[in-house]
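Listed here are the chains, written in short residue letters.
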Amino acid sequence: MKVLLVEDESGIRLLLRKIIEKNKEFQVVGETDNLTQAVTLFHRTKPDVVFLDIEISGASGLDCARIIADINPKTKIIFATAHAEYMSNAFEVYAFDYLLKPFNVERVDQTLQRILDLARQKEAEPLERIVKYEKGLDKLLVKGRESMSFVDIKDIILVQREEGSTVIYTAKDSFTTSAGLGEIEEKLDPEQFMRSHKSYIINVSQIRKIEPYGRWTYIVTFKDLKQDALITQEKYEEIKRRFL
């Protein structure tokens, strides 16, 4: 699994690299001390995990986390910082974990092992599109430059943000759109669909399983789709109330 280190102290980056690369399942693919280069490296290396300090050169690690989460919300962001007071802010950007300096090597190893355990549990279209709701037909019209696709709303399993676009998934197909999640959410029945996370809308009737993911999030798997989704603690509790 690929790891990016964003930390303004070179000594801490070296320590993290040594701890991480003791595990042959992980490879540090880049390191930096500033936001601009962190985003560039993220696009270039597409890491699975980012270790991120709250204070980085010329910027806030929280801002960096928000940018990364918008590019790929499934990136496991692990804050590694001396500032315990920002833990609630880390919750807002769905951090996978929050480690306090000075590092306890065993604590870092536990986080890495949890990432591996989650990975082991798991075995788009390029054109920009515009989504329109066809009232009375129960369909979304997804319009491309030279084509139109009609998506049965009942067949939608998952809608998620990917690389700055929105992708609608059914069991057999996917459709990429320039529309935001909020725009699509307005067209869906709230009894059937839930905004489970800032980057996901899920079809509740298609849920197969919900399991712990990060410290404040869970992961949802579906009956007829290999993609999965994230769900916040708040929305997880809401689903429990619905079915209990």
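Residues numbered from 1 in each chain as written. Predicted model: local features only at pLDDT ≥ 70, side-chain atom pairs only at ≥ 80, totals over all residues. Heavy atoms only, no water.

Looking only at helices and strands, the protein chain features seven helices and 18 strands. Sorting the 244 residues of the protein chain into buried and exposed places 48% on the buried side. (Helix = DSSP H or I, 4+ residues; strand = E, 2+ residues; numbered from the N terminus. Buried < 20%, exposed > 50% of the residue type's maximum accessible area, 1.4 Å probe, protein only.)

What follows concerns the sheet that holds strand 16 (residues 207–212). Two orientations exist for strands paired in a sheet by backbone hydrogen bonds: parallel and antiparallel. Pairing within the open sheet is antiparallel, and its three strands lie in the order 16-17-18. Only two strands of the sheet have a single partner each, and these edge strands are strand 16 and strand 18 (229–232). Here the strands of the sheet are splayed against their neighbours by 35° on average, with no regard to which way each runs. Note that strand 16 and strand 17 (residues 217–222) share five bridges and pair antiparallel. From the neighbouring strand, isoleucine 210 faces strand 17, where its bridge partner is valine 220. Each of strand 16, strand 17 and strand 18 is contacted by helix 7 (residues 233–243), which is oriented at about 85° to strand 18, the strand it contacts most. (Pairing = 2+ DSSP bridges. Axes fitted to C-alpha atoms, helices over the stretch in contact; angles between N-to-C directions. Contact = heavy atoms within 4.5 Å.)

A two-sided burial pattern is seen for strand 13 (residues 174–177), the buried positions comprising Ser174 and Thr176 on one face and Phe175 and Thr177 on the other. Relative to strand 13, strand 12 (residues 165–169) is paired through four bridges, and the arrangement is antiparallel. From the neighbouring strand, isoleucine 168 faces strand 13, where its bridge partner is phenylalanine 175. Counted between consecutive antiparallel strands, the loop separating strand 12 from strand 13 contains four residues.

As a volume, the largest cavity reaches approximately 40 Å³. Pro73, Thr75, Lys76, Ile77, Tyr94, Phe96, Tyr213, Thr217 and Leu230 together form the lining of the largest cavity. Of the residues belonging to the lining of the largest cavity, the class tally is six nonpolar, two polar and one charged. Within this model, the second largest cavity holds a volume of roughly 30 Å³. Split by residue class, the lining of the second largest cavity holds five nonpolar, two polar and no charged. (1 Å grid on protein atoms, 1.4 Å probe; cavity = no way out; pocket = protein on both sides within 12 Å on 5 of 7 lines; lining within 4 Å. Points joined across faces, edges and corners; volume = space filled by probe spheres on them. Nonpolar A, V, L, I, M, F, W, Y, C, P; charged D, E, K, R; others polar.)

The subject of this paragraph is the nonpolar core. Membership of the largest hydrophobic core comes to 39 residues, with the highest contact counts inside it found for Val3, Ile20, Phe26, Phe51, Leu158, Ile202 and Phe222. Broken down by element, this core gets its largest block of residues, five residues, from helix 5 (residues 105–120). Those residues within four positions of phenylalanine 51 in sequence are excluded, and the remaining contacts are Val3, Leu4, Leu5, Val6, Leu16, Ile20, Ile78, Ala80, Leu99, Val108 and Leu112. By size, the runner-up hydrophobic cluster in this structure holds 23 residues, among which are Leu4, Leu35, Ile68 and Ile77. (Core = buried A, V, L, I, M, F, W, Y, C linked by side-chain atoms within 4.5 Å.)

Where the model shows low pLDDT, its predicted coordinates should not be examined in detail. With 90% of its residues at a pLDDT of 70 or more, the protein chain shows a mean pLDDT of 85. The secondary structure element of the protein chain with the lowest average pLDDT is strand 8 (residues 130–134), at 52, and the one with the highest is strand 15 (residues 200–203), at 96. Counting interchain partners and residues more than four positions distant, the pLDDT-below-50 stretch residues 123–129 has 21 contacts. (pLDDT = per-residue confidence, 0-100.)

Now for the packing of helix 2 (residues 35–45) against helix 3 (residues 61–71). Where helix 2 contacts helix 3, the two axes come as close as 10 Å, and the packing angle between them is 20°. One finds that helix 2 runs roughly parallel with respect to helix 3. The two elements helix 2 and helix 3 cross, and the hand of that crossing is right-handed. When helix 2 is examined against helix 3, the residues Leu35, Ala38, Val39, Phe42 and His43 are found in contact with a partner set consisting of Asp63, Cys64, Ile67, Ile68 and Ile71. Here the contact of helix 2 with helix 3 is composed, by residue class, of eight nonpolar, one polar and one charged. (Parallel < 35°, antiparallel > 145°, perpendicular 65-115°, else oblique. Left-handed = near helix turned anticlockwise from the far one by under 90°.)

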